[in-house]
Amino acid sequence: AQLTAAASGIPGGVRPCVTVRGRPAHPNGSNGEGLRRRGFSEERIKHLRRAYTVLYRSGLRLQEAVERLRAVAAGSEDVAPLVAFLEEGTRSIVR
């Protein structure tokens, strides 16, 4: 469930549950409203937002962020697919 702003140029993959905007596109936040509509609890959304912070706001290189996300994934079934998405990706992601 990604959300993009009009006329965004997206040069790489957008991870699930992220909103992007700009040209070129850059992460704008987590799609919390979309997650709520799909029945995610506030606790689950909190875990995904924490993962977003690690990936996009921590200043870590991608591999370092993935390592840190593995630890977060141990406590959240929703973060594990994100780690798999990042590890198995064949193209770059929007950061």
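Residue positions within a chain follow its written sequence, with the count starting from 1. For a predicted model such as this one, the threshold for reporting local features is a pLDDT of at least 70, and the threshold for listing and counting side-chain atom pairs is 80 or more; totals across whole chains, interfaces and linings nevertheless cover every residue. Computation of side-chain values: all heavy atoms of the structure, hydrogens and water removed.

A. How the structure looks around the packing of aromatic side chains. Centres within 6.5 Å make a pair out of two Phe, Tyr or Trp rings, where for Trp the six-membered ring is used; the pair is then stacked when the planes are under 30 degrees apart, edge-to-face when over 60, and tilted otherwise. Considering all chains together, one arrives at one aromatic pair under this definition. In our convention, an over-ring charge means Lys NZ or Arg CZ found within 6 Å of a ring centre and within 35 degrees of that ring's normal. Above the face of the phenylalanine 40 ring, arginine 44 is positioned so that its terminal group lies 3.9 Å from the ring centre.

B. Molecular detail of helix 2 (residues 42-57). A run of H or I in DSSP becomes a helix once it reaches four residues, and a run of E becomes a strand once it reaches two; helices and strands are each numbered from the N terminus. Expected span of a helix: the number of residues minus one, times 1.5 Å. Helix length check: helix 2, at 16 residues, gives a terminal C-alpha distance of 21 Å against a target of 22 Å (1.5 Å per residue), a fit within 8%. A 1.4 Å probe rolled over the protein chains alone gives each residue an accessible area, and that area as a share of the maximum for its type sets the label: buried under 20%, exposed over 50%, partly exposed in between. Those residues of helix 2 lying buried are Ile45, His47, Leu48, Ala51, Tyr52, Val54, Leu55 and Tyr56. Should any heavy atoms of two residues lie within 4.5 Å, those residues are considered in contact. Where the residues of helix 2 are buried, they touch strand 2 (18-21), strand 3 (26-30), helix 1 (32-37), helix 3 (62-73) and helix 4 (80-88). Within two residues after helix 2, glycine 59 carries a phi angle of roughly 80°, on the positive side.

C. Fine view of the nonpolar core. Ranked by internal contacts, the top residues of the largest apolar core, which has 24 residues, are Leu35, Leu55, Tyr56, Leu69, Val79, Val83 and Leu86. For this core, the secondary structure elements donating two or more residues are strand 2, helix 2, helix 3 and helix 4. With seven residues, the top contributor of residues to this core is helix 2. Residue contacts for valine 83: discarding those within four places in its chain leaves Val66, Leu69, Arg70 and Ala73. Remark: nonpolar core denotes a set of buried residues (Ala, Val, Leu, Ile, Met, Phe, Trp, Tyr, Cys) joined through side-chain atoms within 4.5 Å.

D. The arrangement of the packing of helix 2 against helix 3 in detail. The interhelical angle for the contact between helix 2 and helix 3, taken along N-to-C directions, is 160°, at an axis separation of 9 Å. Between helix 2 and helix 3, the angle falls in the class roughly antiparallel. Helix 3 is crossed by helix 2, and the crossing has right-handed handedness. Across from Ala51, Val54 and Leu55 in helix 2, the residues of helix 3 making contact are Leu62, Ala65, Arg68 and Leu69. Partitioning the contact of helix 2 with helix 3 into residue classes produces six nonpolar, no polar and one charged. To obtain an axis, a line is fitted to C-alpha atoms, over the contacting stretch when the element is a helix, and the angle between two such axes runs from 0 to 180 degrees between their N-to-C directions. Angle categories are assigned with fixed cut-offs, so that under 35 degrees is roughly parallel, over 145 is roughly antiparallel, 65 to 115 is roughly perpendicular, and the rest are oblique. Each crossing is labelled by how the near helix is turned from the far one, with a counterclockwise turn of less than a right angle marking it left-handed and a clockwise turn marking it right-handed. For this classification, the nonpolar set comprises Ala, Val, Leu, Ile, Met, Phe, Trp, Tyr, Cys and Pro, the charged set comprises Asp, Glu, Lys and Arg, and every other residue, Gly included, is treated as polar.

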